[in-house]
Amino acid sequence: MSYTKRFDNRKFDEMRKIEAKVDIIPRADGSAMFKIGDTVAIAAVYGPRSLHPKFLQDPEKGILRCNYTMMPFSVSERIRPGPSRRSTEISLVTSKSLLPVLDLTKFPNAVVDVFIQIIQANAGTRCAGICAASMALAHAGIPMKDMVAAVSVGKVGDKIVIDLNKEEEDHEEGATDIPVAMNSEGEITLLQLDGNVNKNELFQALEFAKKGCSEIDVIQRKALKDFYKGVKNE
Amino acid sequence: MGILIKEKSIVVPGDIIAEGMDYLPSLGCFREGKHVVSERLGLLNVDNRFIKVIPLTGSYVPKVGDTVIGEVKDMSFGAWFIDIGCAYDGTLMVRDATEFVEKDADLAQVYNFGDFVVAKIVKITRHSSIHITTKGPGLRKIQGGKVISVTPSKVPRVIGKQGSMVSMIKDGTNCTIVVGQNGKIWINGKNPDDELLATEAILKVENESHIDGLTDKIKAFLEKKK
């Protein structure tokens, strides 16, 4: 059956409503909230701070430790708190997607900790988490070459769509989900693929992702700048 | 060509600040091909040909010559390790301490765990070990009073232009105030009420640092409370 109209009446290349905010956790060195549709992610950054146990230290550069967790109440059926196979994987891919833009050479033997919490989930949580983490890192004053924006694209039925929601992910036999993260120049830092697509579909999906990420990039930068409006140079 | 973003505006990482080879990147930005790109969230500052991004947030970045306030965390045979609020502890060697320390003396007799010292950064090695000293005017172990913390990036505002803000708070509360560049501030007054008032004023400066006419506001606040 062909998928002709999206469940929430969006266009095929239209994302859900996005909201972004920084400095939501006063005790953290940097923090941010990123909301896309019903998916809400918050990120807190601590550090650079000293790293223990000592064998984890890298004397040439600092390391980045990401921790992705879904809150027990974030999904309709309670999720068991604590690390799982899935959250360990997402923590790893999140840190790998952020590392290319970070410059941690000034912090040897130290660590930058990023904690990502999903407080409400409706698909695309890892992408929302990466967007929040990128803003939180900038807010924490970590030297960065660029920002990272992420969005999921995928194939529902026979159509390529951007920013799938849960309903679309579960459509028929399940959609093909492709989370993509890229910097502002469109260089890909994360690309996962779960399902079947052919070459042309993948290229179309990446086109959609590029467009979506550049939109998100603008929102992220605006949120950071808006927070400091009115600050004077002395 | 030239500067693409207005001076004194806020830049975020990845913002292209200038195009062409006319400008040189300094603090908080870097060159990528023909562009000068921001590396930090901060305020853009252009000084002749130099582009600088003054960070608005972030933990303390140690700099040689900074006066800092830190807590004694650890000690070994010939040195104390002082927590100065950044990723690395400051090392205070026995020979850099104000007090004379006899050979084989117990270092805890001089500076004990939990003591605060006002110290100066003398050297930062490539591997980020930080050497500090308590030899010099105003550098010593802290006795009495209390130590509070503010965000390191707000320290210039707490001090004010040529120390105007901090000296006003000093006069208004009859307290001795020492501001460390790492955001730790030592307040010592004749009675606890004075110290509380000074604390309140400093936290007010921190929270309202972006407001116009802050000096007048703090002045009014101090006079009202007196």
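These numbers come from a predicted model, not from an experiment.

What counts, and where the lines are drawn
- Every chain is numbered on its own, with residues counted from 1 as its sequence reads.
- Numbering of ligands from 1 and lettering of chains from A proceed in the order in which they are written.
- Local features are withheld for residues below a pLDDT of 70 in this predicted model, meaning they are given only at 70 or higher, and side-chain atom pairs are given and counted only at 80 or more; totals for whole chains, interfaces and linings count all residues.
- Only runs of H or I of at least four residues qualify as helices and only runs of E of at least two qualify as strands under DSSP, and these elements are numbered from the N terminus.
- In this scheme every C-beta is placed from the backbone, and a residue whose C-beta has 20 or more other C-beta atoms within 10 Å is buried, one with 12 or fewer is exposed, and one in between is partly exposed.
- The contact rule is simple: place each C-beta atom from the backbone, and if two of them lie within 7 Å, those residues are in contact.
- A radius of gyration in this sense is built from C-alpha atoms; the matching globule rule multiplies 2.2 Å by the number of residues raised to 0.38.
- By this definition, two strands are paired if DSSP reports at least two bridges between them.
- Note on geometry: axes are C-alpha line fits, over the in-contact stretch for helices, and angles between N-to-C directions span 0 to 180 degrees.
- The domain boundaries here were taken from an automatic or database domain assignment.
- For this classification, the nonpolar set comprises Ala, Val, Leu, Ile, Met, Phe, Trp, Tyr, Cys and Pro, the charged set comprises Asp, Glu, Lys and Arg, and every other residue, Gly included, is treated as polar.
- Note: pLDDT gives the predictor's confidence per residue, expressed from 0 to 100.
- To estimate how far a helix should reach, multiply one less than its number of residues by 1.5 Å.
- Oblique is the label for any angle not covered by the other classes, which are roughly parallel (under 35 degrees), roughly antiparallel (over 145) and roughly perpendicular (65 to 115).
- Note on convention: the crossing is left-handed when the near helix lies turned anticlockwise from the far helix by less than a right angle, right-handed when the turn is clockwise.

**Overview of the overall build of chain B**
The helix and strand inventory of chain B stands at four helices and 17 strands. Dimensions of chain B along its principal axes, counting C-alpha atoms only, are 65 × 50 × 25 Å. The buried share of chain B, reckoned over its 226 residues, is 37%. Contacts spanning at least 24 positions in sequence make up 54% of the contacts within chain B whose residues lie at least 6 apart.

**Details of the overall build of chain A**
Secondary structure assignment for chain A yields four helices and nine strands. Counted from the first residue to the last, chain A has its helices and strands arranged as β-β-β-β-α-β-α-β-β-α-β-β-α. A globule of 234 residues ought to have a C-alpha radius of gyration of about 17 Å, and chain A, at 18 Å, matches this closely. Put simply, chain A has 234 residues, and 49% of those count as buried. Of the contacts formed within chain A by residues at least 6 apart in sequence, a portion of 70% connects residues at least 24 apart.

**A word on the sheet that holds strand β1 (residues 18-22) of chain A**
Residue and element names in this part refer to chain A. With mixed pairing, the five strands of this open sheet are ordered in space as β1-β2-β3-β5-β4. With partners counted over all chains shown, the strands left at the sheet margins are β1 and β4 (63-70), one partner each. Sheet twist, expressed as the average angle between the axes of neighbouring strands with direction ignored, equals 15°. Against the sheet, helix α2 (residues 125-139) engages β1, β2 (30-36), β3 (39-50), β4 and β5 (110-120), with an angle of about 150° to β2.

**Here's the deal with the sheet that holds strand β17 (residues 184-189) of chain B**
All names here are of chain B. Taken in spatial order, the three strands of this open sheet run β15-β17-β16, and their pairing is antiparallel. Of all strands in the sheet, those bounded by a partner on one side alone are β15 (146-149) and β16 (175-179). Averaged over neighbouring strand pairs, the angle between their axes works out to 25° when direction is ignored. Summarising the sheet, β16 and β17 pair through five bridges and their orientation is antiparallel. Considered in β17, the bridge of Val 179 is made with Ile 185. This element, helix α2 (residues 164-173), spans β16 and β17 of the sheet and lies at about 155° to β16. Against the sheet, helix α3 (residues 192-207) makes contact with β15, β16 and β17, and its axis sits at roughly 150° relative to β17, the strand it touches most.

**Thoughts on unusual backbone geometry**
Of note, the bond from A:Gly47 into A:Pro48 is cis; its omega dihedral lies within 30 degrees of zero at 5°. Each neighbour pair has its own omega, and for A:His52 with A:Pro53 the value is 0°, a cis peptide bond. Turning to its location among the elements, A:Pro53 is positioned in the loop between β3 and β4. For A:Asn9, which is not glycine, the phi dihedral falls at a positive 60°. Tracing the sequence through the fold places A:Asn9 in the segment before β1. Positive phi is not limited to glycine here, since B:Asn48 has a value of about 50°. Tracing the sequence through the fold places B:Asn48 in the loop between β7 (42-47) and β8 (50-55).

**Some words on the domain arrangement of chain B**
Looking at chain B, the domain boundaries give domain 1 (2-55), domain 2 (67-141) and domain 3 (146-225). Spacing between the C-alpha centres of domain 1 of chain B and domain 2 of chain B amounts to 37 Å.

**Overview of the interface of chain B and chain A**
Listed per partner, the contact involves 23 residues of chain B and 30 residues of chain A. Of all the secondary-structure elements, those providing two or more residues to the side of chain B that touches chain A are β7 and α1 (155-159) of chain B. By residue class, the composition of the side of chain B that touches chain A is ten nonpolar, eight polar and five charged.

**Section: the environment of B:Ala18**
Residue and element names in this part refer to chain B. Considering the arrangement of structural elements, one finds Ala 18 in strand β3 (residues 16-19). In the structure, Ala 18 is positioned 14 residues away from Leu 4 in sequence and 5.2 Å away in space, judged by C-alpha atoms. When neighbours within four sequence positions are excluded, Ala 18 is seen to be in contact with Gly 2, Ile 3, Leu 4, Tyr 23, Val 36 and Ile 51.

**Quick notes on the pairing of β1(A)**
The side chains of a regular strand alternate between both faces of the sheet. All names here are of chain A. Burial of β1 is one-sided: the residues Ile 18, Ala 20 and Val 22 facing one way are buried, the residues Glu 19 and Lys 21 facing the other way are not. As paired elements, β1 and β2 share five bridges and run antiparallel to each other. Directly across from Ile 18, in β2, lies its bridge partner Ile 36.

**A look at the confidence of the model for chain B**
Predicted coordinates in regions of low pLDDT should not be interpreted in detail. Per-chain confidence: chain B averages 89 in pLDDT, with 100% of residues scoring 70 or above. Interface predicted TM-score (ipTM) for the complex: 0.86; the corresponding pTM is 0.90.

**Things to note about helix α1 (residues 85-98) of chain A**
Taking 1.5 Å as the rise per residue, α1(A) with 14 residues should run 20 Å; its terminal C-alpha atoms sit 20 Å apart, in good agreement. Of the residues making up α1(A), those classed as buried are A:Ile90, A:Ser91, A:Val93, A:Thr94, A:Ser95, A:Ser97 and A:Leu98.

**Topic: the pairing of β3(B)**
Residue and element names in this part refer to chain B. Pairing between strand β1 (residues 2-3) and β3: two bridges, direction antiparallel. The partner of Gly 2 across the bridge, within β3, is Glu 19. As defined by bridge partners, β3 adjoins strand β6 (residues 35-38) across three bridges and the pair is classed as antiparallel. Of the residues in β6, the one forming a bridge with Ala 18 is Val 36.

**A closer look at the packing of α2(B) against α3(B)**
The packing of two helices is summarised by the inter-axis angle and the distance between the axes. Residues and elements named next belong to chain B. Their axes nearest at 9 Å, the elements α2 and α3 cross at an angle of 155°. Compared by their axis directions, α2 and α3 come out roughly antiparallel. α3 is crossed by α2, and the crossing has right-handed handedness. Where α2 abuts α3, its residues Met 165, Ile 169 and Thr 173 lie against Asp 194, Leu 197, Ala 198, Ala 201, Ile 202 and Val 205. A per-class count over the contact of α2 with α3 returns seven nonpolar, one polar and one charged.

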